[in-house]
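# Residue-level structure breakdown
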Amino acid sequence: MKRGISTLAVLTSIMLCLALYFALAQPDWPFGTPTERTMGYVQRIFYYHVPSAWTAFLLFFINLGASIVYLARRSPKADIVALVSAEVGVVFCTVVLVTGPIWARPVWGIWWDADDIRLQSTLIMWLIYVSYLILRRVSTSSLTAVVAAVVAILGALLVPFVFFSIWFYRTQHPSPVIAHGGSLDPHMAFVLLFNWAAFLCLAGLVCWTRYRLEIAKREVEEAQALESLMETSR
Amino acid sequence: MSFFSITRATLEKDIRLEWRSKDAINSMLYFALLVVVIFSHSFSPTAEESRRIAGGLVWVAFLFAALVALNQTWARELRNQVLDAYRVSPAPATPLFLAKALGNFLFVIILEALMTPLFIIFYNLRAVGPTLQLVPIAFFGTWALVVNGTFFAAISLRTRNREIMLPLLLFPFSIPAMMGMVNATTAVLTGEYSARVWIAMLLAYDVVFTVAGLYLFESILDAE
């Protein structure tokens, strides 16, 4: 296990450095990426914004799966996976929500677009998971894991309604179209995917470390509880 | 005992207790009036503008009034360990949830029925669209808030900051429902577009979260 984590840590550092270089390097440098024609240099934040979003959604999906497994089997490992993926997912989601407006303001002139489906649904997922983490922290119930799993499942049920309500609102109140599309230069696509791979390595590393930390923490808590139980029964 | 008889018994108990003590209802009615007055001082639009924003104002006011009602939902059950007694009894937990939700629903509907004329007066509202649609909007919208609110109020029982945990959980979940309620109400008030799809969405939201709440309540109650 220890060697696995060290290997992953080294791999992650290498990939992140390379990813940073590829994202920021100008075309006249070796392995540079072309600067986008209309948006300019600020477009490069795209290489952090999009992979963070994909990573965050993947982690939230893992959280949903772990919550369902926990409710079905009550396995403590599933609960820890749920907790870990929620925590790291919230971090990546925060990155998405912060880099998004930073990118949007110079490019489109607006910080926030209330009618954008992806933006609103990302915000709502962030809200649900922050509430999830706060619930986990302040809950005094002995079965916090069950309650948290239920909240995660309800959150998943909410997502289609969020998409529908914003989509339908836009059909009734058409807003100026902000071009999201356009084809992707293959060079840019490579850098995007490479960044995603680097972020996945980082997410995996942090999740794995947090997982081991949580297991150790729970073992310590159990040992302490057992010890105090022994003392009181004496 | 059947599901519905347990639900009815619990609902009758709650209504009877509330009717005799008039604990919550007096303060909540007055709170509702104060909310309307504060809103009318904060936003004083012209008659034309008010039709566009009244939907949002009204439903935000209802949300906060409902929050006050929801916070004390389970408080009565904690006194004298009534909730523990219920859990020990052979009765399933699901009718308890339904009865609590129905009780809250009645309560919030009464609050809304009293707040609405006040809003009409303060904002000089007059609906241009089909007014009758406001009834399903009010019913489906209130149920959407109440069913989730009752569920999350039960979750918040065993937390360190009970009063703040309920809105922290309820507000993100209410966002699509709020969009539905506000847009449907604005549609009826301005008459500019149809509220039907929003009403259908609210109904779908209600069905999904009622079923999910009923199914998952047993797990929550045991965890409490």
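For the structure given in this document, a descriptive report is provided here. Quantities reported herein were computed from a predicted structural model and do not represent experimental measurements.

### Brief notes about the overall build of chain B
Broken down by element type, chain B carries 9 helices and 0 strands. Along its sequence from the N terminus, chain B presents helices and strands in the succession α-α-α-α-α-α-α-α-α. On C-alpha atoms alone, chain B measures out to a radius of gyration of 18 Å, which is about the 17 Å that the 2.2 N^0.38 rule sets for 224 residues. Referenced to the eigenvectors of the C-alpha coordinate spread, the extents of chain B come out at roughly 55 × 35 × 30 Å. Taken across its 224 residues, chain B has 45% of its residues classed as buried. A sequence separation of at least 24 residues applies to 84% of the contacts in chain B between residues at least 6 apart.

### Some details on the packing of helix 4 (residues 117-138) of chain A against helix 5 (residues 144-172) of chain A
Residues and elements named next belong to chain A. Running from N to C, helix 4 and helix 5 cross one another at 165°; their axes reach a closest spacing of 10 Å. In terms of orientation, helix 4 and helix 5 fall into the roughly antiparallel class. Once helix 4 is placed against helix 5, the crossing between them reads as right-handed. Contacts from I117, Q120, S121, I124, I128, Y132, L135 and R136 in helix 4 reach T144, V147, A148, V151, A152, G155, L158, V159, V162, F163, I166 and W167 in helix 5.

### Details of the nonpolar core
Ranked by size, the top nonpolar core spans 120 residues in total, and within it A:A82 and B:A65 carry the most contacts. Per-element accounting of this core gives the leading share, 15 residues, to helix 8 (residues 162-190) of chain B. Leaving out residues up to four positions away in the same chain, A:A82 has contacts with A:N63, A:A66, A:S67, A:Y70, A:A148, A:A149 and A:A152.

### Comments concerning the interface of chain A and chain B
Listed as interface residues are 26 residues of chain A and, on the opposing side, 27 residues of chain B. Element by element, the count of residues in the side of chain A that touches chain B is highest for helix 5 of chain A, at 14 residues. Grouping the amino acids of the side of chain A that touches chain B by side-chain chemistry returns 20 nonpolar, 6 polar and no charged.

### Some thoughts on helix 2 (residues 46-73) of chain A
End to end, helix 2 of chain A covers 40 Å across 28 residues, agreeing with the expected 40 Å (1.5 Å per residue, within 8%). In the stretch just after helix 2 of chain A, A:R74 is the one whose phi turns positive, near 50°.

### A few points about the environment of B:V207
Residues and elements named next belong to chain B. As for its position among the elements, V207 is in helix 9 (residues 196-223). Overall, the presence of 12 C-beta atoms within 10 Å leaves V207 in the exposed class. Between the C-alpha atom of V207 and that of A144, which follows or precedes it by 63 residues, the distance is 8.9 Å.

### Section: unusual backbone geometry
Positioned with a positive phi, A:R74 is a non-glycine residue whose angle comes to about 50°. Here A:R74 lies in the loop between helix 2 and helix 3 (76-108). Positioned with a positive phi, B:N124 is a non-glycine residue whose angle comes to about 50°. Mapped onto the fold, B:N124 is located in the loop between helix 6 (94-123) and helix 7 (134-156).

### Comments concerning helix 7 of chain B
With 23 residues, helix 7 of chain B should cover 33 Å at 1.5 Å per step; its first-to-last C-alpha distance of 32 Å lies within 8% of that length. Most of helix 7 of chain B sits out of view: 19 of its 23 residues are buried.

### Remarks on the packing of helix 2 of chain A against helix 5 of chain A
In a pair of packed helices, the angle between the axes and the distance between the axes together describe the arrangement. Residues and elements named next belong to chain A. Look at helix 2 against helix 5: their axes get within 9 Å of each other, and the N-to-C directions meet at 130°. Classified by the angle their axes make, helix 2 and helix 5 are oblique. Helix 2 and helix 5 meet at a crossing whose hand is left-handed. Between helix 2, through N63, L64, S67, I68, Y70 and L71, and helix 5, the contact on the second element is made entirely by A145, V146, A149, A152, I153 and A156. For the contact of helix 2 with helix 5, the class distribution of residues is 10 nonpolar, 2 polar and no charged.

Criteria and thresholds
- Residues numbered from 1 in each chain as written.
- Chains lettered and ligands numbered in written order.
- Predicted model: local features only at pLDDT ≥ 70, side-chain atom pairs only at ≥ 80, totals over all residues.
- Helix = DSSP H or I, 4+ residues; strand = E, 2+ residues; numbered from the N terminus.
- Rg over C-alpha atoms; globule rule 2.2 N^0.38 Å.
- Buried ≥ 20, exposed ≤ 12 C-beta atoms within 10 Å, placed from the backbone.
- Contact = placed C-beta atoms within 7 Å.
- Axes fitted to C-alpha atoms, helices over the stretch in contact; angles between N-to-C directions.
- Parallel < 35°, antiparallel > 145°, perpendicular 65-115°, else oblique.
- Left-handed = near helix turned anticlockwise from the far one by under 90°.
- Core = buried A, V, L, I, M, F, W, Y, C linked by C-beta atoms within 7 Å.
- Nonpolar A, V, L, I, M, F, W, Y, C, P; charged D, E, K, R; others polar.
- Expected span 1.5 Å × (residues − 1).

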